[in-house]
Amino acid sequence: MSNNKYNTVVVGGGIAGLTSAVYLARSGQKVLLIEKNKECGGLVNTFSRNGFRFEAGVRALENAGIIFPMLEDLGIEMEVIKSKVSLGVADEIIHIEDLSSLEDYQKLLIKLYPESENEINGVLKVVRKIMKYMDVLYGVENPAFKNLKKDKRYIFKQLLPWLPKFIFTVGKINRMNMPVENYLETIVKNESLRDIIAQHFFKNTPTFFALSYFSLYLDYFYPKGGVGTLAELLNKKFIELGGEVKTETTVVQVDAKNCFVTDKNDVSYSYQNLLWAADLKTFYRSTSTENLLPEIRAEFEKKKGEILKSRGTDSVFSLYLQVDEPLESFGKISNGHFFYTPSLKGLGKIHRAELTHLLNNWQNTTRKQVLEWLDRYTEFNTFEISIPGLKDPGMVPEGKSGVIISLLAEYELFEKIKADGWYNEFKTEFEERIINIIGNSVYPFLKDKVIDRFSFTPVGIKERIGSSEGAIVGWSFEKPIPVVHKMQYSDKSTLTPIPNIYQAGQWAFSPAGVPMCILTGKLAVDKILKKKK
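Everything numeric here is computed off the predicted structure, so don't read it as measured data. (Residues numbered from 1 in each chain as written. Predicted model: local features only at pLDDT ≥ 70, side-chain atom pairs only at ≥ 80, totals over all residues. Heavy atoms only, no water.)

Trainee: Help me get a handle on helix α10 (residues 228–240), residues and values and all.
Mentor: For α10, which comprises 13 residues, the first-to-last C-alpha distance of 19 Å matches the rise-based estimate of 18 Å (1.5 Å per residue) to within 8%. Two residues or fewer after α10 comes G242, characterised by a positive phi angle close to 95°. (Helix = DSSP H or I, 4+ residues; strand = E, 2+ residues; numbered from the N terminus. Expected span 1.5 Å × (residues − 1).)

Trainee: Could you give me a rundown of the packing of helix α15 (residues 367–379) against helix α18 (residues 423–439), with the residues and numbers involved?
Mentor: Helix-helix packing is characterised by the crossing angle of the two axes and by the distance between the axes. One way to put it is that α15 packs onto α18 with a least axis distance of 10 Å and a crossing angle of 30°. Relative to α18, the element α15 lies roughly parallel. Like other packed secondary-structure pairs, α15 and α18 cross with a definite hand, here right-handed. Together, R367, V370, L371, L374, D375, Y377, T378 and E379 of α15 and E425, F426, E429, F430, R433, I434 and I437 of α18 make up the contact between the two elements. Taken together, the residues of the contact of α15 with α18 sort by class into 8 nonpolar, 1 polar and 6 charged. (Axes fitted to C-alpha atoms, helices over the stretch in contact; angles between N-to-C directions. Parallel < 35°, antiparallel > 145°, perpendicular 65-115°, else oblique. Left-handed = near helix turned anticlockwise from the far one by under 90°. Contact = heavy atoms within 4.5 Å. Nonpolar A, V, L, I, M, F, W, Y, C, P; charged D, E, K, R; others polar.)

Trainee: Just give me the short version of a nonpolar patch on the surface, but keep the residues and values in it.
Mentor: A contiguous nonpolar patch, built from F156, L160 and L163 and spanning about 280 Å² of accessible area, is present on the exposed surface. Residue placement: L160 occurs in helix α5 (residues 152–174). (Patch = residues over 30% accessible without salt bridge, like charges linked within 9 Å, V, L, I, M, F, W, Y side chains within 5 Å. Areas by Shrake-Rupley, 256 points an atom, 1.4 Å probe, with all protein chains shown as cover. Salt bridge = Lys/Arg side-chain N within 4 Å of Asp/Glu carboxyl O.)

Trainee: Can you lay out unusual backbone geometry for me, pointing to particular residues and giving the numbers?
Mentor: Residue S510 is joined to P511 through a cis peptide bond whose omega torsion reads -5°. Considering the arrangement of structural elements, one finds P511 in the loop between β20 (501–503) and α20 (514–532). Its identity is not glycine, yet D266 carries a phi of approximately 65°, on the positive side. Mapped onto the fold, D266 is located in the loop between β12 (260–263) and β13 (268–276). For D266, a relative accessible area of 63% gives the class exposed. With a phi close to 60°, E469 is a non-glycine residue in the positive phi region. Along the polypeptide, E469 turns up in the loop between α19 (458–465) and β20. (Buried < 20%, exposed > 50% of the residue type's maximum accessible area, 1.4 Å probe, protein only.)

From the geometry alone we can't say anything about function, so treat these as descriptive.
Pasting the structure below:
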């Protein structure tokens, strides 16, 4: 074992790990950040290919009262651009500008499903109510990033008046935990309409989280240079503060008794505190609790069982296109962030019962059956389309456009296909169907203008960022969630059964977008520093 001794070792250089590392270094700690990839950022990452810049993970960010306060607190300047959203179904497209756009969405749905007007009005009434809850939830800059000892004005003018509203609102939110599909069944009879409203959410997404999407659309912003700029700036600040980063380094063992982690090259690093900001299944598989107190070992084994039998949320399939067409052609049709459903029919049972049947009877399933299922899955799905150049023209070569087209995808399907030896063929089939569907509908010029293309699959996400089941926001909503998932208990999400080991990120709280990853990273640091005092 080498003599690499640190106050805190942070494992995982995604946005949670970077946040934790920066704040620990700012406090004067000797900190090591270990990341398995060449670059930090995880799903908050921008990369270049042939002069085109693309997002590897999230397509835009929302502040949620967290990101901007964090940047201000750390003295980081980041130029941002409003990331405007468009919504489209078949030939109807609206551009979301402000709260009044909710009426445009309502009219769009009524025009497409006139027989369901009363039900649509009922759904939109709920969406408006949830938007008011969201206004409360993110109504102040998060206190975790404020100096409460010095900023008395913030405490008395903002925080104290907000707290009772927050507590009241959280109670209402917790009563909306029913899966959105089940909730919509109680108020919308038309299955196709239910699908159009909800099919781009993860399976069994809680109603509040799902129907808050309109608030998120209004909050979206885009860092100049791409979403990965946020991770790059945090990484730069960490190094400025004296932090040490080891990339392309995978931790394979945690010795909880002797307080060191060992990487794949058999190099060990000693810690006083360990902050795990990576995949939790990997943590529980690789941690030795030998010679710890019996009660700690028992609690660890209990939690390990819960974690390992759980699974991640749905993953995504993302198609990347380099297109010989100017940005103006796309900008006439949609904004740079676009949720589009080509068909009024909706997925129905295609992505649930039909897919489950295929997977459960895999030995008797032919390639032809899988591809026939894929035809239906792509035809009736909802696509998230991102055109980085419409947000920041510097993201593409002059006169060209980069396009990212994503849709939810099941990790197990890709895993089985890879095991059967036709993974690359299936990727190609998937890509071609998406290009045909989008090219035959909303962007008719697309098919003949594609210069180059490539795609990321759920299996690829797992391999790149080490995310179990290729999940992108944490744990599946279809099974009991093995971590904290109520806002008022988020502080506890950072604790593990081992007193000097903490956790943060998308696996520590569910569901976890970028703001929640940042918040858990900061809350974990607060625990470490408080214990030190």
